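Single-letter residue listing:
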Amino acid sequence: MVEVNSGYPRSLPGALKIARLVVAFVTFICFAASKSHEAFIALAVMEVVITLLFFLLYLLKLDKKMKFFFWPLVDIFNSLIAVLFFIIVCLCAIIIKTTTGTLVGGVFGLLLVGLCIADSVLLFKKITFNKPRGRNVITR
């Protein structure tokens, strides 16, 4: 039976994932409506799908059941790779600006870069390296 974390969408990481989903979808709509280059559209669609999968992973607590990956670190790598690709693609879209939709999609893509950076920083702060995990740690 799959357990649902009903508090996740209201938490800061959940809200960031939802914001990333919405902005990536708007970026996709702008690129698709303006008939931009296929690479722009494909990148936006991949970001929507991957972010949705990570959102469902945390919402359904599948990260606790599938322990063969350290999911927060995988999520950080995904965010950083998305930042790299979106910076390149969105700057190209803004510089080329063949249509208004391409320009707007590039601007929303740069907004998505900021959300990805914020998400990866938040996840990185949660990861503990060489420290005990759990609530039974004595702090002074």
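Residues numbered from 1 in each chain as written. Predicted model: local features only at pLDDT ≥ 70, side-chain atom pairs only at ≥ 80, totals over all residues. Heavy atoms only, no water.

The protein appears in an unreviewed UniProt entry as Chemokine like factor from Chelydra serpentina.

### Quick notes on the nonpolar core
Core analysis: the biggest nonpolar cluster contains 19 residues, and Phe31, Phe40, Phe86, Leu112 and Cys116 have the highest contact counts within it. It is helix H4 (residues 71-96) that provides the largest number of residues to this core, a total of six residues. In contact with phenylalanine 31, not counting residues within four places along its chain, are Ser36, Phe40, Ile41, Ala44, Ala93, Gly101, Thr102, Gly105 and Gly106. Grouped together as the second largest cluster of nonpolar side chains are ten residues, Phe55, Leu57, Trp71 and Ile76 included. (Core = buried A, V, L, I, M, F, W, Y, C linked by side-chain atoms within 4.5 Å. Buried < 20%, exposed > 50% of the residue type's maximum accessible area, 1.4 Å probe, protein only. Helix = DSSP H or I, 4+ residues; strand = E, 2+ residues; numbered from the N terminus. Contact = heavy atoms within 4.5 Å.)

### Side note on the packing of aromatic side chains
Here the distance between the centres and the angle between the planes together describe a pair of aromatic rings. Evaluated as defined, the whole model comprises nine aromatic pairs. Seen from their ring centres, tyrosine 8 and tyrosine 58 are 5.8 Å apart, and the 45° between their planes marks the pair as tilted. With tyrosine 8 in the segment before helix H1 (12-33) and tyrosine 58 in helix H2 (residues 38-59), the pair connects residues that are 50 residues apart, well separated along the chain. In this structure, tyrosine 8 and tyrosine 58 share a single accessibility class: buried. Within the aromatic cluster, the residues linked to one another by ring pairs are Tyr8, Phe54, Phe55, Tyr58, Phe68, Phe69 and Trp71. (Phe/Tyr/Trp six-rings, centres within 6.5 Å; stacked < 30°, edge-to-face > 60°.)

### Side note on H4
The end-to-end C-alpha distance of H4, which contains 26 residues, comes to 37 Å, matching closely the 38 Å that a straight helix rising 1.5 Å per residue would cover. Taken together, the buried positions of H4 are occupied by Trp71, Pro72, Asp75, Ile76, Asn78, Ser79, Ala82, Val83, Phe86, Val89, Cys90 and Ala93. Those residues of H4 that are buried are in contact with H1, H2, helix H3 (62-65) and helix H5 (100-126). Two residues or fewer past H4, lysine 97 is found with a positive phi of approximately 35°. (Expected span 1.5 Å × (residues − 1).)

### Digging into the packing of H4 against H5
Relative orientation of the contacting elements H4 and H5 amounts to 155°, with a least axis distance of 8 Å. One finds that H4 runs roughly antiparallel with respect to H5. For the pair H4 and H5, the sense of crossing is left-handed. A per-class count over the contact of H4 with H5 returns 20 nonpolar, six polar and two charged. (Axes fitted to C-alpha atoms, helices over the stretch in contact; angles between N-to-C directions. Parallel < 35°, antiparallel > 145°, perpendicular 65-115°, else oblique. Left-handed = near helix turned anticlockwise from the far one by under 90°. Nonpolar A, V, L, I, M, F, W, Y, C, P; charged D, E, K, R; others polar.)

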